[in-house]
2 protein chains.
Amino acid sequence: MALKTLGPKAAAALDQELMSTCAFSIDQLMELAGLSVSQAVYRVQPLHQGRRVLVACGPGNNGGDGLVAARHLFFYGYKPSVFYPKRSKNELYQRLAKQLEDLEVPFVDDFPSALKSTDHIVDAIFGFSFSGEVREPFPQVIKSLEETDLPVTSVDAPSSWDIDNGPPNSGLGSTFMPATLVSLTAPKPLVKHFTGRHFVGGRFVPPYIAKKYDFEMPEYQGMDQVVEVPPSGQKL
Amino acid sequence: MALKTLGPKAAAALDQELMSTCAFSIDQLMELAGLSVSQAVYRVQPLHQGRRVLVACGPGNNGGDGLVAARHLFFYGYKPSVFYPKRSKNELYQRLAKQLEDLEVPFVDDFPSALKSTDHIVDAIFGFSFSGEVREPFPQVIKSLEETDLPVTSVDAPSSWDIDNGPPNSGLGSTFMPATLVSLTAPKPLVKHFTGRHFVGGRFVPPYIAKKYDFEMPEYQGMDQVVEVPPSGQKL
């Protein structure tokens, strides 16, 4: 049985509903999203296999989730660094960045160079609201992600993928296929093209909302904020 | 070596600094505090020993932490109920209560009756800003907490205790001694009178802040948001 997914319009409507009817603040949702991402990274990149994690953050909510994840990773014992070339003027993102600066987490400017001294990459560039055009300075970043042999964990969507249709025809002869995907709240339709390890995070969604948007809450274990699910709609 | 503690004035100043210089929002801090409390309860009250948790919430921040903890406990598989007699008009607390109502978590009015059908109690009535006077309707609640044989987990302070000096002379012939205490950010001086299991939660405080306020960050394990520490300043 294929995993039920949420298209970009439904995902946007759900986010709006969480922040209105359901009374969550964006601070809360972003804290929980970033926490989920950090827990998935902890699972796929054990500390003894390398502590250096480069978190690539886009200008929107996906980037904010990355900033929160970087903070939690710091406290787990990782050595995060952050690539955040298009800083939002949004007050929330500025605060999340300040929280990292207070931990002396380095912000790096040159993504290809930074790749040479990391063990893992978190791709928090574009999320479910991405549609079609990769703007500067991100084309080079996406190209680096396509070419790297390092493990990448993507937040909600592999950046540059179409939310409905999956990998774009990049014309570069390679496809960006992250090792890990963390779907936030519910998987997006692109997961049918994804062949890596797949986690879902969203252990706060009221059951009536899952029912209304017609997706299943996965069975989380213990106190975990993420759960690994079968890739590509196939049972593990 | 005795655990370093934070008196009520220092704790208030630290909270202010976290929300100003350190750029945390109260939504974030409360989410993290409630998450810590939920993780401590998960440790001391395994699901198979009884899932019913009665969360007693006071009118301030301590109560807000309790509301967040109740939500996480619900998702872990507990059956929380909430006693919240003095609802704050503060918008944040109203939202946290709504998040519980959406999960159909029952709000109960009669604390002594509710005690008859629970397995565990979370005391989120008063925190570090409490000083001296237990106002209505809480005297009866404190009396029930003194008399119950059920395990109680107190948030930051056993309610009615003086933050510096510990248990009050209640004149009732008994002292309220919860089974578990979760100190938020850093223990308060009252811990020297506390003989139960002691957890600390605050895995987000920048090291320079811990240094400035002269307390130690305990060594958290894995992805845990709480760590158990020796009670009463004695090594375990």
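As the structure is a prediction and not an experimental result, all values here were calculated from the model.

Chemist: Before we move on, can you summarise the nonpolar core with the specific residues and values?
Modeler: Counting 68 residues, the largest nonpolar core has Val37(A), Val82(A), Val122(A), Val37(B), Val82(B) and Val122(B) as its most contacted members. Filtering out sequence-adjacent residues up to four positions away, Val82(B) remains in contact with Val55(B), Cys57(B), Leu67(B), Ala70(B), Leu100(B), Val105(B), Pro106(B), Phe107(B) and Val108(B).

Chemist: Would you mind going over the sheet that holds strand β7 (residues 197-201) of chain A in detail, with residue names and values included?
Modeler: In a beta sheet, neighbouring strands are held together by backbone hydrogen bonds and run either parallel or antiparallel to one another. Residue and element names in this part refer to chain A. With mixed pairing, eight strands are arranged side by side in an open sheet as β3-β2-β1-β4-β5-β6-β7-β8. Unpaired on one side and paired on the other, β3 (107-108) and β8 (226-229) mark the two borders of the sheet. One ladder, built from four bridges, connects β7 with β8; its direction is antiparallel. Its bridge partner lying in β8, Gly201 is registered against Val226.

Chemist: Could you give an account of the confidence of the model for chain A, with specific residues and numbers?
Modeler: In the predicted model, chain A carries a mean pLDDT of 93, and 95% of its residues have values of at least 70. Here the prediction assigns the complex a pTM of 0.96, and the interface score ipTM is 0.95.

Chemist: Account for the interface of chain A and chain B, with residues named and values stated.
Modeler: The interface of chain A with chain B comprises 32 residues on the first partner and 32 residues on the second. For the chain A and chain B pair, buried surface summed over both sides reaches about 3,000 Å², with 62% attributable to carbon and sulfur atoms. Interface area lost by chain A to chain B is led by Gln28(A), Phe75(A) and Met223(A), which between them contribute 22%. Across the chain A-chain B interface, the total number found is zero salt bridges. Along the contact surface separating chain A from chain B lie 16 residue pairs in polar contact (both at pLDDT 80 or more). Elements with a minimum of two residues in the side of chain A that touches chain B: α2 (26-44), α3 (61-76), α4 (91-101) and α7 (207-212) of chain A.

Chemist: Before we move on, could you go through the pattern of salt bridges and cite the residues and values that matter?
Modeler: Residue and element names in this part refer to chain B. In this structure the tally under the stated criterion is 26 salt bridges over all chains. Note that Glu147 is salt-bridged to Lys143, the shortest N-O span being 3.0 Å. Of this pair, Glu147 and Lys143 both sit in helix α6 (residues 138-147), four residues apart, which is roughly one turn of that helix. Across the salt bridge formed by Arg197 and Glu228, the nearest N and O atoms sit 2.9 Å from each other. Taken together, the residues Arg197 in strand β7 (residues 197-201) and Glu228 in strand β8 (residues 226-229) connect sequence positions 31 residues apart. Assessed through its relative accessible area of 36%, Arg197 is described here as partly exposed.

Chemist: Any details on unusual backbone geometry? Residues and values, ideally.
Modeler: Residues and elements named next belong to chain A. The amide bond that connects Glu136 to the next residue, Pro137, takes the cis arrangement and shows omega of 0°. Here Pro137 shows up in the loop between β4 (120-124) and α6 (138-147). A positive phi angle is found at Ala23, which is not glycine, with a value near 70°. Phi angles above zero are rare outside glycine, and Ser160 is one such case at about 95°. With respect to the helices and strands, Ser160 occurs in the loop between β5 (152-155) and β6 (180-184).

Chemist: Account for α6(A), naming residues and giving values.
Modeler: Those residues of α6(A) that sit buried are Phe138(A), Val141(A), Ile142(A), Ser144(A), Leu145(A) and Glu146(A). Elements that come into contact with the buried residues of α6(A) comprise β1 (52-57), β2 (79-83), α5 (111-115), β4 and β5 of chain A.

Chemist: Could you give an account of the packing of aromatic side chains, naming the residues involved and the relevant values?
Modeler: Applying the stated criterion across every chain, the model contains 12 aromatic pairs over all chains. Ring geometry for Phe126(A) and Phe130(A): centres 4.7 Å apart, planes at 25°, overall stacked. Taking relative accessible area as the criterion, Phe126(A) reaches 13% and is therefore assigned buried. With a centroid separation of 5.1 Å and 50° between ring planes, the pair formed by Phe83(B) and Phe111(B) is classed as tilted. Residue Phe83(B) is found in strand β2 (residues 79-83), and its partner Phe111(B) is found in helix α5 (residues 111-115); the two are separated by 28 residues along the sequence. Phe83(B) gets classed as buried once you look at its relative accessible area, which sits at 4%.

Chemist: Any details on the pairing of strand β6 (residues 180-184) of chain B? Residues and values, ideally.
Modeler: Residue and element names in this part refer to chain B. Counting buried positions along β6 gives five out of five residues, so the element sits mostly inside the fold. The alternating pattern of β6 places Thr180, Val182 and Leu184 and Leu181 and Ser183 on opposite faces, both of which are buried. Inspection of the sheet shows strand β5 (residues 152-155) paired to β6 by three bridges, in the parallel sense. Counterpart to Thr153 in the pairing with β6 is Thr180. Sheet topology places β6 next to β7; five bridges connect them, and they run parallel. Among the inter-strand pairings, Leu184 is bridged to a residue of β7, identified as Gly201.

Chemist: Residue-level account of the relation of the copies chain A and chain B, with values.
Modeler: Overlaying chain A on chain B yields an RMSD of 0.0 Å, the required transformation being a rotation through 180° with an accompanying axial translation of 0.0 Å. Such values leave the two copies arranged in the relation of a two-fold axis.

Chemist: Can you tell me about the sheet that holds strand β1 (residues 52-57) of chain B, naming the residues and giving the values?
Modeler: Residue and element names in this part refer to chain B. The mixed open sheet is built from eight strands, whose spatial order is β3-β2-β1-β4-β5-β6-β7-β8. Only two strands of the sheet have a single partner each, and these edge strands are β3 (107-108) and β8. Against the sheet, helix α3 (residues 61-76) touches β1, β2, β4 (120-124), β5 and β6, its axis set at about 160° to β1.

Cut-off values and rules
- Residues numbered from 1 in each chain as written.
- Chains lettered and ligands numbered in written order.
- Predicted model: local features only at pLDDT ≥ 70, side-chain atom pairs only at ≥ 80, totals over all residues.
- Heavy atoms only, no water.
- Core = buried A, V, L, I, M, F, W, Y, C linked by side-chain atoms within 4.5 Å.
- Buried < 20%, exposed > 50% of the residue type's maximum accessible area, 1.4 Å probe, protein only.
- Contact = heavy atoms within 4.5 Å.
- Pairing = 2+ DSSP bridges.
- Helix = DSSP H or I, 4+ residues; strand = E, 2+ residues; numbered from the N terminus.
- pLDDT = per-residue confidence, 0-100.
- Buried area = accessible area lost by both parts, 1.4 Å probe.
- Salt bridge = Lys/Arg side-chain N within 4 Å of Asp/Glu carboxyl O.
- Polar contact = N/O pair within 3.5 Å; in protein donor to acceptor, adjacent residues only side chain to side chain.
- Phe/Tyr/Trp six-rings, centres within 6.5 Å; stacked < 30°, edge-to-face > 60°.
- Least-squares fit on C-alpha atoms with pLDDT ≥ 70 in both.
- Axes fitted to C-alpha atoms, helices over the stretch in contact; angles between N-to-C directions.

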